[in-house]
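Chains, contacts and geometry: an overview
Listed below are the residues making up each chain.
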Amino acid sequence: GVVVSSAMLWVALFGNHFDIAYVYQHASTGQKLIYTFSAFWAGQEGSLLLWGAMTAAVGAVLVRWSVRTDGIEATQEARRLFAAPVMAVVALCQVFLLSMIVGLRLGPLTVGSGMFMTLADKYPDAPMLQVAGFVPGDGQGLNDLLQNPWMALHPPTIFVGFTLLMVPFAFAVAGLYRRRYTQWVRPALPWSLVGSGVLGVGSMMGGWWAYETLSFGGWWAWDPVENSSLVPWIFGVAALHAMVVQKKTSGGHKAALWLSVLTFQLC
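Residues numbered from 1 in each chain as written. Predicted model: local features only at pLDDT ≥ 70, side-chain atom pairs only at ≥ 80, totals over all residues. Heavy atoms only, no water.

Attention now goes to the environment of S250. Structurally, S250 is set in the loop between helix 10 (224-249) and helix 11 (253-266). For the pair S250 and P124, spaced 126 residues apart in sequence, the C-alpha separation works out to 61 Å. (Helix = DSSP H or I, 4+ residues; strand = E, 2+ residues; numbered from the N terminus.)

This is the structure we're talking about:
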């Protein structure tokens, strides 16, 4: 479903379906193809869909990990212990993400913002949009500040980092659930290492983008998105160090647990 929705959004963006509110707000006929491509994650709904797609990909990798029977005995034991609770946590994370973009209407209650809401539905008080068959000739296009090559690289890198840091969180919760407070570290450590590295690279990209290209003019004068992606990276690196300490010395498992949990909550 996530793959199909992503494909539909890109088709709508490149097909100039300006009757769809998200396409109208973030695409136009005059902008470069790279910005039409990156308009996918220019808005909140698209960003959450991107995050959901990455969560699906990581979940698929974890499913493969959980059913493998090779490896050393400790690895096999970890799979037996942690596979079910880890996948349950990943599934709940996915439900949380998708609940914000499903656009499900339950009477007066609306669950999430609909990805493919039409202009007429989003702006019911605009008489022109209520004319049957009316489609704007062009869209508003990507925000001028976002029309930068970094837009195609920086946000997906940040979301890859966020998604990878979900895995140590899932293993930490599984460790708490199984009351195995140290064994979860070994399978989670590679994910924490790569996730912290990717998120760090993404934050540096965002810092360069905001500081130089957008002329924000100072390290802490970044926009709030860049600052908020820096915070989980700091805690992620702290969690990574605590996990290494636990693996090498068998101490510090409480710090490793809670820092891993806190890192993803900050994401």
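That shown, we press on.
On the surface, V102, L104, L106 and L109 cluster together to form a nonpolar patch covering roughly 360 Å² of accessible area. In this structure, L106 sits in strand 1 (residues 104-106). By relative accessible area, L106 is classed as partly exposed at 47%. (Patch = residues over 30% accessible without salt bridge, like charges linked within 9 Å, V, L, I, M, F, W, Y side chains within 5 Å. Areas by Shrake-Rupley, 256 points an atom, 1.4 Å probe, with all protein chains shown as cover. Salt bridge = Lys/Arg side-chain N within 4 Å of Asp/Glu carboxyl O. Buried < 20%, exposed > 50% of the residue type's maximum accessible area, 1.4 Å probe, protein only.)

Right, let's talk about the packing of helix 8 (residues 166-178) against helix 11 for a bit. As a packed pair, helix 8 and helix 11 sit with axes 8 Å apart at the nearest point and diverge in direction by 135 degrees. As summarised for this structure, helix 8 and helix 11 are arranged oblique, according to the angle between their axes. The chirality of how helix 8 crosses helix 11 is left-handed. Between helix 8 and helix 11, the residues in contact are M166, P168, F169, A172 and L176 and L257, W258, S260, V261, F264 and Q265, respectively. Partitioning the contact of helix 8 with helix 11 into residue classes produces nine nonpolar, two polar and no charged. (Axes fitted to C-alpha atoms, helices over the stretch in contact; angles between N-to-C directions. Parallel < 35°, antiparallel > 145°, perpendicular 65-115°, else oblique. Left-handed = near helix turned anticlockwise from the far one by under 90°. Contact = heavy atoms within 4.5 Å. Nonpolar A, V, L, I, M, F, W, Y, C, P; charged D, E, K, R; others polar.)

According to the stated counting rule, one finds ten aromatic pairs in the structure shown. Between W10 and F40, the ring centres sit 4.3 Å apart and the planes meet at 35 degrees, which makes this aromatic pair tilted. Taken together, the positions of W10 in helix 1 (residues 2-14) and F40 in the loop between helix 3 (33-38) and helix 4 (44-67) put the pair 30 residues apart, joining distant regions of the chain. On the numbers, 5.6 Å between centres and 45 degrees between planes, the contact of W51 with F159 is tilted. Residue W51 is found in helix 4, and its partner F159 is found in helix 7 (residues 154-164); the two are separated by 108 residues along the sequence. Each of the two residues, W51 as well as F159, counts as buried. Here the aromatic residues W10, F37, F40 and W41 are joined through ring pairs into a cluster of three or more. (Phe/Tyr/Trp six-rings, centres within 6.5 Å; stacked < 30°, edge-to-face > 60°.)

The α-helix winds at 3.6 residues per turn, so residues separated by three or four positions along the chain end up facing the same way. Between the first and last C-alpha of helix 8 there are 18 Å, a value that for 13 residues agrees with the 18 Å anticipated at 1.5 Å per step. R179 lies just past helix 8 and shows a positive phi near 60 degrees. (Expected span 1.5 Å × (residues − 1).)

With that out of the way, let us pick up unusual backbone geometry. With a phi close to 60 degrees, R179 is a non-glycine residue in the positive phi region. When you line up the elements, R179 lands in the loop between helix 8 and helix 9 (185-213). Judged by relative accessible area, which is 65%, R179 ranks as exposed. Of note in this structure, S250 is not a glycine but carries a positive phi near 65 degrees. With relative accessibility at 58%, the residue S250 sits in the exposed group.

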